[in-house]
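Here are the chains, one letter per residue:
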Amino acid sequence: MLSEAAQRDGAMLGQVVYERREGDFYPTPPENVDCLAHFVDLSGRVIWEPACGEGHISKRLLQLTGTDAVTGAQVYSTDLHHRGYGRGGIDFLRATVTPRRVNTIITNPPFDDLAEAFIRRALALMEPVDGLVAMFLRNEYDCASTKRDDLFEGHPAYATKIVVTKRPRWIEGSKGSPRHNYSWFVWDFADRGAPATIRYIHPRDAAPICPATIN
């Protein structure tokens, strides 16, 4: 039987009658980070995860990049809410500068009402440093609103859409069938102007191209 918290999250399980979790906190299964790293070499990058939650993405990034998990020098982890990992109380949408030497922003942003703001803020921060932005969003995000067409078609840095062909199970221990497909949307200012691509990957087939040893 689902926990009380999980029962309130039917929207993530194919139902539509339950309230969302406070702060839109849905931890990203780490296998989905492997799908990004299958196509994007993360080695040598200085990464900011600005909605780190309990560190599910950050911890996997540390493993993939071979970074010292004690110092976390190559993965900066922050969140508006402190959930026991990283630094809390940091409002990404108000950020005008990045942590030192950051050239990559990777996150699963809050739901659609804030996702666009997260993308635009990340792009504004990464453009001056020819950086990279990767956002884990619903698969249809690039076709759901004409108000954000400029983020995709014709955007000079929009590089690739990585479709994850296994629906993420957001609530640990849940039994229902996940409702939504998700994809990584990637913008790369170091390769601006190149034709955008679309890729497909199932987590079981993901082989991260980072040189670090994966345990």
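Look up a bit, the structure's there.
Residues numbered from 1 in each chain as written. Predicted model: local features only at pLDDT ≥ 70, side-chain atom pairs only at ≥ 80, totals over all residues. Heavy atoms only, no water.

Looking now at the environment of Asp-205. Looking at the element boundaries, Asp-205 is found in the segment after β7 (197-201). For Asp-205 and His-38, which are 167 residues apart along the polypeptide, the C-alpha to C-alpha distance reads 8.9 Å. (Helix = DSSP H or I, 4+ residues; strand = E, 2+ residues; numbered from the N terminus.)

Attention now moves to the pairing of strand β5 (residues 158-164). Taking burial as the measure, the 7 residues of β5 include 6 buried ones, the bulk of the element. For β5 and strand β6 (residues 182-188), the ladder comprises 6 bridges, and the chain directions are antiparallel. By the bridge assignment for β6, Val-164 is matched with Tyr-182. Relative to β7, β5 is paired through 5 bridges, and the arrangement is parallel. Looking at the pairing, Val-163 lines up with Tyr-200 of β7. (Buried < 20%, exposed > 50% of the residue type's maximum accessible area, 1.4 Å probe, protein only. Pairing = 2+ DSSP bridges.)

This part is about helix α2 (residues 31-39). Among the residues making up α2, those that are buried are Asn-32, Val-33, Asp-34, Cys-35, Leu-36 and Ala-37. Here the buried face of α2 lies against α3 (56-65), β3 (104-107), β4 (132-138), β5, β6 and β7. (Contact = heavy atoms within 4.5 Å.)

Here the focus is the packing of α2 against α3. Relative to each other, α2 and α3 sit at 45°, their axes nearing to 9 Å. By the criterion of interaxial angle, the relationship of α2 to α3 is oblique. Every pair of crossing elements has a handedness; the one defined by α2 and α3 is right-handed. Across from Val-33, Asp-34 and Ala-37 in α2, the residues of α3 making contact are Ile-57, Arg-60, Leu-61 and Leu-64. Taken together, the residues of the contact of α2 with α3 break down into 5 nonpolar, no polar and 2 charged. (Axes fitted to C-alpha atoms, helices over the stretch in contact; angles between N-to-C directions. Parallel < 35°, antiparallel > 145°, perpendicular 65-115°, else oblique. Left-handed = near helix turned anticlockwise from the far one by under 90°. Nonpolar A, V, L, I, M, F, W, Y, C, P; charged D, E, K, R; others polar.)

Quick look at the packing of aromatic side chains now. Counted according to the given criterion, the structure contains 10 aromatic pairs. Between Trp-48 and Phe-92 the ring centres are 5.1 Å apart and the planes differ by 80°, which places this aromatic pair in the edge-to-face class. With Trp-48 in strand β1 (residues 47-49) and Phe-92 in the loop between β2 (75-77) and β3, the pair connects residues that are 44 residues apart, well separated along the chain. Across the pair, Phe-92 and Trp-48 agree in class, each one buried. With a centroid separation of 5.7 Å and 50° between ring planes, the pair formed by Tyr-158 and Trp-187 is classed as tilted. Placement of Tyr-158 in strand β5 and of Trp-187 in strand β6 is noted, with a sequence separation of 29 residues between them. Both residues of the pair, Tyr-158 and Trp-187, belong to the buried class. Across from the ring centre of Tyr-141, 3.6 Å away, lies the NZ or CZ of Arg-148, which sits over that ring. (Phe/Tyr/Trp six-rings, centres within 6.5 Å; stacked < 30°, edge-to-face > 60°. Lys NZ or Arg CZ within 6 Å of the ring centre and 35° of its normal.)

Note that Thr-65 resides in helix α3. A relative accessible area of 17% means that Thr-65 is categorised as buried. Distance in space between the C-alpha atoms of Thr-65 and Leu-42 is 6.3 Å, their sequence separation being 23 residues. Among the polar contacts made by the side chain of Thr-65, one reaches the main-chain carbonyl oxygen of Leu-61 at a distance of 2.7 Å. (Polar contact = N/O pair within 3.5 Å; in protein donor to acceptor, adjacent residues only side chain to side chain.)

Spatial ordering of the open sheet is given by β2-β1-β3-β4-β6-β5-β7, a layout of 7 strands whose pairing is mixed. Strands with a single pairing partner mark the edges of an open sheet, and in this sheet they are β2 and β7. Neighbour-to-neighbour, the strand axes of this sheet turn through a mean angle of 20°, independent of strand direction. Sheet topology note: the β1/β2 ladder contains 3 bridges and is parallel. Among the inter-strand pairings, Ile-47 is bridged to a residue of β2, identified as Val-75.

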